[in-house]
Each structure stands twice: as structure tokens, then as C-alpha cells.
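Structural description and commentary
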Amino acid sequence: SEIAAHVRKAQRASLRPAVRLNGTSDLLWERIFPDIFDTFDIQYYDYTKYPLRFRDKRPANYHLTFSRAETQENHIEAFKWLLTGGNVAVVFDTPKGQPLPKRFLSFPIIDADQHDMRFLDQPGTVAGLRAKADARKDTTGFVVRVA
């Protein structure tokens, strides 16, 4: 019902609705409830830490951005996503107001702090985010140090 209401509101404003299904979860919606992608004319999007092999069969209206984490396995998976034209979110220690690095793993970085509509990003780009709150003190390797 929430998605239906969102669709109606977007239509009244002549906008195309977009819905992020996972706020803090990482559920495989394309497996759990695949019919949702055909129920509404919506752009769905999410972030995921699942390897590409688990997320390779998804509807055309479901955009996923891989979330880079601190493990070597995850870092390798991020590179795989980029090589296949996928997008990857990476957190940097760049202070607010300062420019993010230009490239990560030789792929271009865009400033993902500007908006959350990752489905608008060019394929094969890194969605650069600045560390916020407690993440600024991270020492696990989750936050990429550029200084």
C-alpha cells in the first residue's frame, strides 16, 4: 500500500517513482518476491554486499550498487562488479567540503553524497561517500584512507 501511494503521488507530480526496498537490510527481493518488480512501473534500487553470482539475475527495473567493505574478499568482489559494468559504493576519509579522489581501482568516482539515486550513475563508476559520524574513526579498513 505504501508503494501504491508513492506511485500515485509521483504520477500527480509527473515524476517517475523510485523505491529503495532495503533500508538497513540486504534481502534478495528478486528471489523472495519477484512479482513486485512487475506490479508497479517503478525504478527499484538497493545497495548489496552479496557477491555478483547471487545477484546476476535481476529485473531490468532493479538497480544494485555493491557496497565495498573492509575484507579482502569483499574488495575483490567490488572489483568484479566494476569490471562487469556494475557500480560500487566506497566510503573515503575525505572531509566534508573537500573533493573526493578522482579514481578508485582505476574507475571514476562520482560524489554520492549529492543524492542517493544510484540508478542514475554511469555504469562502472564508484559512488564515493564521505565517512560520517563514528565511521570517521574507523580503523578496520572499511573507510578508505586517501590522505
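Here's what I pulled together on the structure shown here.

Attention shifts here to helix α5 (residues 72-83). Between its first and last C-alpha atoms α5 spans 17 Å; for twelve residues at 1.5 Å apiece the expected length is 16 Å, and the two agree. Along α5, the positions that sit buried rather than exposed are Asn74, Glu77, Ala78, Trp81 and Leu82. End-on, the buried residues of α5 take up no more than an arc of 140°, which puts them together on one face. Along α5, exposed side chains directed more than 90 degrees from the buried face belong to Gln72, Glu73 and Leu83.

This next bit is on the environment of Gln114. Structurally, the position occupied by Gln114 is in the loop between β6 (107-111) and β7 (126-130). Within the structure, Gln114 has its side chain in polar contact with the side chain of Asp111 (distance 3.2 Å).

What follows concerns the packing of aromatic side chains. The final tally for this structure, using the stated rule, is seven aromatic pairs. With a centroid separation of 5.8 Å and an interplanar angle of 80°, the aromatic rings of Phe92 and Phe104 are classed as edge-to-face. Remark: Phe104 occurs in strand β5 (residues 103-104) and Phe92 occurs in strand β4 (residues 87-92); sequence separation between them is twelve residues. The burial state of Phe92 is the same as that of Phe104; both residues are buried. Among the aromatic residues, those joined into a cluster by ring pairs are Phe37, Tyr44 and Tyr62.

So, on to the nonpolar core. Ile3, Leu21 and Tyr44 are the most contacted members of the largest nonpolar core, which totals 25 residues. Counting residues per element, the ones that place at least two in this core are α1 (2-12), α3 (36-39), β3 (62-67), α5, β4 and β6. Look past the residues within four positions of Ile3 in its chain and what remains in contact with it is Val19, Leu21, Ile36, Phe40, Ile42 and Tyr44. The next biggest cluster of nonpolar side chains, apart from the first, holds eight residues, and it includes Ala89, Val91, Ala112 and Val143.

Assignment of secondary structure puts Ser25 in the loop between β1 (18-20) and α2 (29-32). For Ser25 and Thr48, which are 23 residues apart along the polypeptide, the C-alpha to C-alpha distance reads 8.8 Å. Among the polar contacts listed, one links the side chain of Ser25 to the side chain of Asn22, at a separation of 2.7 Å.

Quick look at the pairing of β4 now. Of all six residues making up β4, six are buried, and the element is well covered by its neighbours. Neither face of β4 is open: one carries Asn87, Ala89 and Val91, the other Val88, Val90 and Phe92, and all of them are buried. Each parallel crossover has a hand, and for β3 linked through α5 to β4 it is right-handed. With five bridges joining them, β4 and β7 adopt parallel strand pairing. What sits directly across from Ala89, in β7, is Ala127. Note: β4 against strand β8 (residues 143-144), two bridges, orientation parallel. The residue of β8 that forms the bridge with Phe92 is Val144.

Conventions adopted
- By convention here, each chain's residues receive numbers from 1 onward along its written sequence.
- Side-chain atom pairs in this predicted model are given and counted only at pLDDT of 80 or more, local residue features only at pLDDT of at least 70, and totals for whole chains, interfaces and linings cover all residues.
- Side-chain descriptors were evaluated using all non-hydrogen atoms of the structure, hydrogens and water having been removed beforehand.
- Per the convention used, a helix needs a DSSP run of H or I reaching at least four residues, while a strand needs a run of E reaching at least two, with both numbered from the N terminus.
- Expected span of a helix, by definition, is 1.5 Å for each gap between consecutive residues, and there is one gap fewer than residues.
- Buried means the residue's accessible area, taken with a 1.4 Å probe over protein chains only, is under 20% of the maximum for its type, while exposed means over 50%, and partly exposed covers the values in between.
- It is the directions from the helix axis to the C-beta atoms whose arc is reported.
- Polar contact is the term for a pair of N or O atoms within 3.5 Å; when the atoms are in protein, one must be able to donate a hydrogen and the other to accept it, and sequence-neighboring residues count only if both atoms are side-chain atoms.
- Pairs were defined over the aromatic rings of Phe, Tyr and Trp, the Trp ring being its six-membered one, requiring ring centres within 6.5 Å. Orientation was assigned from the angle between planes: stacked under 30 degrees, edge-to-face over 60, tilted for the rest.
- The nonpolar core is taken to be a set of buried Ala, Val, Leu, Ile, Met, Phe, Trp, Tyr and Cys residues, with the residues joined through side-chain atoms within 4.5 Å.
- By the convention used here, residues are in contact when the closest approach between their heavy atoms is within 4.5 Å.
- A right-handed crossover is one whose linking path, passing over the helix from the first strand to the second, runs clockwise when the strands point away from the viewer.
- For two strands to count as paired, DSSP must find a minimum of two bridges between them.

None of the figures reported here should be taken as evidence of function without further support.
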